[in-house]
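Now for the letters of each chain:
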Amino acid sequence: MTVTGRLIDEPEAHNGIHIGTLAVGVVDGPNGITHRSNGLLRIALPMDASKQPPHIGDMVRLRGQIRRFRSPTNPGESGASALWERRGLFARLNASGTTAWSVIAIPRAPHYRLAAAALGLRSRTNAIFSAHMTSDQAGLINGLLLGGRSDLTGRRANELTRAGLAHIIAASGANIASIIGLVLLLLRWLRLGDRLTASVCILAASGYAVAAGSQPAVVRAAIMASIFVAAPLFNRCRDGASALCVAAIVALAIDPANIADPGFQLSFTIVAGMMAFWPSWSALLAHVLRKDIAASRSRRSIDIPIRMVLNGVALSVIAGMTAAPITLQIFNSAPVYGVWANLLVAPAVTAIVPIALLVLAFSHMAPALSGLLCHLILAPVAAFILNTATIFGGEPSSTLSTPSPSWPVVLISYGVLGGLAFAARRATWPIGR
Amino acid sequence: MRTAAKLAGFILAMIVAVLLGFWLASYRPAGSGAFRFTMLNVGQGDASVIESPEGHVILIDAGPAMRDDDTGRRIVLPYLRRRGFNRLDYAVLTHWDLDHAGGAEAIADGIRVGALILPRLPYRLSHLTTTAQRIRSAFERQSVPVEYLSRGDGIALGKQVTLQVLSPPPPGVGWTPTSDNDASLVLMVRYGSFRLLLTGDAEAEAEHDIIRRGLDVRASVLKIGHHGSKTSTSDRWCHAVQPKIALISVGKENTYGHPSRQVLERLQRIGSRVLRTDRNGAITIESNGTSFTVRTMLPPYNAKPARIVIR
């Protein structure tokens, strides 16, 4: 059977094979009849040194046999079939040899050109960082900036996961906040009007979401940031819960299959957890610190570091607590030292994104300055984060294996967490006022 | 003062909630109460897990790791995590072939191991390849003690399960293996009347040596040696073991032609039911010491396990 269609994702190279997803356009059946089709197929194309590798948006023609995904063959294995069926993919087609596939020279649609440009940007940024630091450090900085672990070695990525630091290489709210912060700073300095400033911020957030691969977490963050920036222009208050709901609706409207994506689930539950627990926490903390300061003026100088450390711990605990039911369900393991590892790297991560953006901005205008920033700040900070991950995630005992809780247990856990948040809000309400 | 107490209570409640959640999620009784053996489907290679009724766990071989596909990381470690294990009592590598030991590096890095068990090899086979050295270094990095076993040694897994080493013989005593395969650890696992014979890649010469020594090799379940190669599982061996169930760990459409037709015919002649990981997926055997059940991931025993009474 010969199938012609467009690649809708960037193929991954694995074991001498390009693996990607094809939106089928035309099928030439074995009886010589040509059918139009609109299904999706997971395809495998054997690598051929004489051919250019296929890319997202390419029109590919290949010959092979369509087969269903294999069922899981080991206990507890999620299986390719379940994973892909959730995303509307029910079969695979392996090209029967290196000569059984070809890329047809047809221009890509604009949105594929945009995605290809984002991938190109990613490799260019990695090249800029790699010129001044080791490949692992450059991969980490690129991951911090644009999300994803594709630029890191498997061992480094595993250590980050086991230390509970995998979230730092998932582009999300913190990155969007840094970018909007920088843009706001620049536009305030230029004294532009509110409407123009808001529009530029929304454009920057959207552009960043595209550059970071439009993953659910970054799309969520971009939508929420846009709502926050635009709200005052429409005389609306900035309400986190409403923004989160709108972001969920938009992300699911773009791709309903997102609901099964662990990144989507974790992103929304963690943000919801922050919204539920943070007001109670900050009200209590403010009250206690105020009281202490009133009691002793000498304590004022240590107010800020105490606040930072306590907030860091609280942030890690809240994020860990709200993510735990899903992470345990999907990954069967929990990082033992996650809170401490996060506490150590959180300040470094916050500082690194704006500096990495400055390095990119100066890479053409002032390469020497860009190199200096890399050598003096980015490389040592990246080394610090990677070493922290090795210390907290390099040991076999750094993760706790857990049996997978069932989905009803996960839902009950969120019910309990909701109750806990409600109780905390009630207990701290008078203080918050 | 009341507010400070509330803050302390709030922080404490959150930390207790997190710890309680982790504890509840990771809680498992000290054992499932039954002996369980799972032969994982790792393609053309071997990886099996033995769980004692008291909760002790042994990994026998760690699956193949070739090119960029490491089944230790992709299949074995996730399986152990899914079963909720944070520690292996022992990791046994029957021999150093990459289809058995390749995944062990991921195991050393991914889970705590009580001890690494290796065959005590004669001098001429004791030189390790670069990959084998890398794997052993991975265990050394984690300060895992290494124990070398040969015939006459044994491992007690709690009070009820024992593993007796049938081969290789101690160096310098009787027959000397001439190949890595023949120097594989051959283990007889006993739990009550249930017996399980694990053969690594031992070939006919090793089988004959075990029979010649007069060792009792009768077993309810036999893991067929060397993935069903015609160089293993001789006629004499089949008749000596008399397994009710024969398990073959083999890759789908492998280029070696495993399992061989001759081996399958030998097993058929003695009335053994053959289960293969390429066709039946992972195979799990549970025993209470007097009977055992067989469950496969794919048909025939995926929906309803087969129950076999040991006479």
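The sections below set out a description of the structure shown in this document. All values derive from a computational prediction rather than experimental measurement.

The rules behind the values
- Note that residues are indexed from 1 along each chain, following the sequence as it is written.
- As they are written, the chains are lettered A onward and the ligands numbered 1 onward, keeping that order.
- Selection of residues for local features in this predicted model requires a pLDDT of at least 70, selection of side-chain atom pairs for listing and counting requires 80 or more, and totals for whole chains, interfaces and linings are taken over all residues.
- Note that water and hydrogens are dropped before the side-chain values are worked out from all heavy atoms of the structure.
- When a carboxyl oxygen of Asp or Glu lies within 4 Å of a side-chain nitrogen of Lys or Arg, that pair is called a salt bridge.
- Only DSSP runs of H or I covering at least 4 residues are called helices, and only runs of E covering at least 2 are called strands; the numbering of each starts at the N terminus.
- In this description, contact between two residues means that some pair of their heavy atoms is separated by no more than 4.5 Å.
- By the criterion applied in these results, polar contacts are pairs of N or O atoms within 3.5 Å in which, for protein atoms, one can donate a hydrogen and the other can accept it, and in which residues neighboring in sequence qualify only through two side-chain atoms.
- Put simply, Ala, Val, Leu, Ile, Met, Phe, Trp, Tyr, Cys and Pro go in the nonpolar bin, Asp, Glu, Lys and Arg in the charged bin, and everything else, Gly too, in the polar bin.
- Fitted lines through C-alpha atoms serve as axes, helices being fitted only where they are in contact, and the angles separating the N-to-C directions of these axes extend from 0 to 180 degrees.
- For classification purposes, angles smaller than 35 degrees are called roughly parallel, those larger than 145 roughly antiparallel, those between 65 and 115 roughly perpendicular, and all remaining angles oblique.
- When DSSP locates at least two bridges between a pair of strands, those strands are taken to pair.

## Some remarks on the pattern of salt bridges
Two side chains carrying opposite charge are able to pair once their charged atoms lie near each other. Residue and element names in this part refer to chain A. Per the counting criterion, the structure on display carries 24 salt bridges over all chains. Across the salt bridge formed by R108 and D58, the nearest N and O atoms sit 3.3 Å from each other. Linking R108 in the loop between strand 8 (101–104) and helix 2 (110–130) with D58 in the loop between strand 5 (40–46) and strand 6 (59–68), this pair joins segments that are 50 residues apart in sequence. Through salt bridges with shared partners, a single network forms among D136, R155, R156 and E159.

## Here's the deal with the interface of chain B and chain A
Many descriptions give the size of an interface as the accessible area lost when the pieces come together. At the junction of the two partners, chain B supplies 40 residues and chain A supplies 44 residues. The interface formed by chain B and chain A holds five residue pairs in polar contact (both at pLDDT 80 or more) in total. In terms of residues, the side of chain B that touches chain A owes the most to one element, helix 1 (residues 2–26) of chain B, which gives twelve residues. When the residues that make up the side of chain B that touches chain A are grouped by side-chain class, the tally is 20 nonpolar, ten polar and ten charged.

## Here we look at the packing of helix 3 (residues 135–146) of chain A against helix 11 (residues 338–365) of chain A
All names here are of chain A. Axis separation between helix 3 and helix 11 bottoms out at 10 Å; the angle between their running directions is 95°. The angle between helix 3 and helix 11 falls in the class roughly perpendicular. For the pair formed by helix 3 and helix 11, the contact residues are I141, L144 and L145 on the first element and V349, I352, V353, A356, L357 and L360 on the second. Residue composition of the contact of helix 3 with helix 11, grouped by class: nine nonpolar, no polar and no charged.

## A few points about the side chain of S48(B)
Counting through the fold element by element, S48(B) comes out in strand 2 (residues 47–51). When residues no more than four places from it in sequence are discounted, the contact partners of S48(B) are F37(B), T38(B), M39(B), I58(B), L59(B), I60(B) and D61(B).

## Overview of the sheet that holds strand 12 (residues 161–167) of chain B
Strand pairing in a sheet takes place through backbone hydrogen bonds and is either antiparallel or parallel in direction. All names here are of chain B. Read from one edge of the open sheet, seven strands run 11-12-13-14-15-16-17, paired in mixed fashion. The open sheet has two edge strands, strand 11 (154–157) and strand 17 (273–276), and neither has a second partner. Here the strands of the sheet are splayed against their neighbours by 20° on average, with no regard to which way each runs. Bridge analysis of strand 12 against strand 13 (residues 186–191) gives six bridges, and the strand direction is antiparallel. Within the sheet, the bridge partner assigned to V165 lies in strand 13 and is L187.

## Regarding unusual backbone geometry
Here the residue pair S167(B) and P168(B) is connected by a cis peptide bond, since its omega of 5° sits within 30 degrees of zero. Note that P168(B) resides in the loop between strand 12 and strand 13. The phi angle at R191(A) is positive, at roughly 55°, despite the residue not being glycine. Secondary-structure assignment places R191(A) in the loop between helix 5 (173–190) and helix 6 (194–211). We note that E253(B) has phi near 50°; this positive angle belongs to a residue other than glycine. Residue position: E253(B) is located in the loop between strand 16 (245–248) and helix 8 (261–269).

Function-wise, these values are silent; they only describe arrangement.
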